[in-house]
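# A structural walkthrough
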Amino acid sequence: MRTKVSLARSVPPAMEMARTVLPETTPNASAPGGNFLAALDDTVQSGTASGDMVSTFARYLGSDNVLVRHDTVWENDGGARPALVQALIGTEAFFAGARDYFAAHAFGSATFNDLLGALQPHTDHDLWRWADAWLRTTSPSVLSASVERAGDGRITSLSVHQECTDRISGERVIRPHQLAIAGYSLGSAVLYMRFVESVTLTGESAEVPDAAGRRADLVLLNAGDLTYGIVRLDETSRQVAAAHLSTLPDDLDRGAVWTALWNLTRDGLQPAARFVDAFVAQAPSEPNAMILRIVAGQVQTAVGRYLPAAERHAAYAALAGVARNALAGAPAGSDLQRTWAELVAEFASHTDELVPDAQALAAGEVPDGLELTDSLRWRLTAALVRRGVWGDA
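Anyway, here's the lowdown on the structure attached to this text. Numbers given to residues run from 1 along each chain, matching the order in which its sequence is written. Side-chain atom pairs in this predicted model are given and counted only at pLDDT of 80 or more, local residue features only at pLDDT of at least 70, and totals for whole chains, interfaces and linings cover all residues. Just so you know, side-chain values use all the structure's heavy atoms and leave hydrogens and water out.

Right, let's talk about the overall build of the protein chain for a bit. Going along the chain from the N terminus, every DSSP run of H or I of four or more residues is numbered as a helix, and every run of E of two or more is numbered as a strand. From N to C terminus, the protein chain includes 16 helices and nine strands. Residue burial is assigned from relative accessible area. The probe radius is 1.4 Å, only protein chains are included, and a residue is buried under 20% of its type maximum, exposed over 50%, and partly exposed in between. Within the protein chain, the proportion of its 393 residues that are buried is 51%. It only takes one pair of heavy atoms within 4.5 Å for two residues to be counted as in contact. The contacts in the protein chain between residues at least 6 apart in sequence include a share of 62% that link residues at least 24 apart. Note on areas: Shrake-Rupley, 1.4 Å probe, and residue coverage restricted to the protein chains presented here. Per element, the accessible surface of the protein chain, about 17,600 Å² overall, is 51% carbon and sulfur.

Pasting the structure below:
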């Protein structure tokens, strides 16, 4: 279900036009709502859900969470979304207010103020002040951590910081963030969670004293995706992620770390080659096809736009080797197999290394379980045309 958000005239037009996915999930849905979520989940699993229906993160969460996580349209136009409010006021209060909201406006129109008005009686938090901070300012908050570790890897001090400058007014913006800070440690070359600390960040910085004495090779500021912002990793966490990211057990946290690595690259804070190296090392073991699909698009942008021209040929050759081997090892009939086949086609557009592979696939020589769909055939055809070998034996 979607509703039109109506805000004060001082709000930028792009925000005012934001459409909001409402927080209704399967266990709390009416029969029609449950049917809608089941149908949406089918489109998610089949890969036919369009980007304006459900966001990239929500695609792999499944129907139980699909409307309470990221919504692409809401976030792109302002940054706040239902899950952020839920983290602030608590799940029970959130759904109690949501039920009041649906009951009051069933079969009718509603404004964003109506939604806040329904939620406010269920919490002591000032949601109007929250809306001012989140929806009447622009630009995302940048969230970073200062982490000091002893020689054995145990944390001696941990603090979290936020910074943001409104790109319209030029003023500094401080927003309230409800954070779950997770510490992951390496054990037998696998990352496992050591601790999670809840932190309410209302100023520029906050100390996390309970993290002291605990070992954490990777510190993730926004575990569970409770708030909206650009998360920065400390240098040790970057290095550990680049070498062991695919072993993180939680899809959402793993996606968040991939995103953090990409943001560092996109924002010019680390060389594009580091992101390419992380993809080459970790993508073959990435178990979630949707995450793989997203990160593969990012690595192609990194190579094609950010990497020095002299380094691109070697980078595409490395990607070719990864895609060839990963496709051969992907489970038959899986989403991963389909995704790697698509990536063989996409990478083949840039390097002759994969031309024989693309020609074989286009000719119907596919691994067991892989369906040569019209979409895949067109991708392969386009790649071979770009390499100037379409029709060659």
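Paired rings are identified among Phe, Tyr and Trp, the last through its six-membered ring, by centres lying within 6.5 Å, and are further divided according to the angle between planes into stacked (under 30 degrees), edge-to-face (over 60) and tilted (the rest). Scanning all chains against the criterion turns up five aromatic pairs. Ring centres 5.8 Å apart and planes at 70 degrees place the aromatic pair Y101 and F102 in the edge-to-face group. Here Y101 and F102 have matching classes, each one buried. Each residue in the set W258, W262, F275 and Y306 is aromatic and connected to the rest through ring pairs, giving one cluster. Criterion for a charge above a ring: Lys NZ or Arg CZ within 6 Å of the ring centre, and within 35 degrees of the ring normal. In this arrangement the basic side chain of R175 is found over the ring face of W134, its NZ or CZ atom lying 5.3 Å from the centre.

It is possible for side chains of opposite charge to pair when their charged atoms get near one another. Salt-bridge detection follows one rule: a side-chain nitrogen of Lys or Arg within 4 Å of a carboxyl oxygen of Asp or Glu. Within the structure shown, the criterion is met by 18 salt bridges. One salt bridge connects E235 with R274, and the closest N-O pair in it is separated by 3.2 Å. A residue pair is termed long-range when its members are at least 10 positions apart, and E235 in helix α9 (residues 235–244) and R274 in helix α11 (residues 272–282) qualify at 39 residues. Residue classification places E235 among the partly exposed residues on the basis of a relative accessible area of 35%. Of the charged contacts, one joins D335 and R338 as a salt bridge, the two residues approaching to 3.0 Å between their closest N and O atoms. Separated by three residues within a single helix, D335 and R338 lie in helix α14 (residues 335–348), roughly one turn from each other. The partly exposed category is assigned to D335, whose relative accessible area is 33%. Overall, R338 belongs to the partly exposed group, its relative accessible area being 33%.

Note that strand β3 (residues 142–149) and strand β4 (residues 155–163) share eight bridges and pair antiparallel. Within the sheet, the bridge partner assigned to V142 lies in β4 and is E163. At least two bridges found by DSSP between two strands are what make those strands a pair. What sits between the antiparallel neighbours β3 and β4 is a turn of five residues, in which G153 has the positive phi angle 90 degrees. Bridging between β3 and strand β9 (residues 230–231) involves two bridges; their strand directions are parallel.

In this section: the sheet that holds β3. An order of β7-β4-β3-β9 is seen for the four strands of this open sheet, with the pairing classed as mixed. What marks the edges here is a single partner per strand, and that holds for β7 (205–207) and β9.

If you want to describe how two helices pack, look at the angle between their axes and the distance between the axes. Think of each axis as a best-fit line through the C-alpha atoms, taken over the contacting stretch in the case of a helix, with angles from 0 to 180 degrees between the N-to-C directions. One way to put it is that α9 packs onto α11 with a least axis distance of 7 Å and a crossing angle of 40 degrees. Relative to α11, α9 is oriented oblique. The segment α9 lies against α11, with E235, R238, Q239, A241, A242, A243 and H244 engaging R274, A278, A281 and Q282. Grouping the constituent residues of the contact of α9 with α11 by class yields five nonpolar, three polar and three charged. Orientation labels follow simple angle bins: below 35 degrees gives roughly parallel, above 145 gives roughly antiparallel, 65 to 115 gives roughly perpendicular, and whatever is left gives oblique. For this classification, the nonpolar set comprises Ala, Val, Leu, Ile, Met, Phe, Trp, Tyr, Cys and Pro, the charged set comprises Asp, Glu, Lys and Arg, and every other residue, Gly included, is treated as polar.

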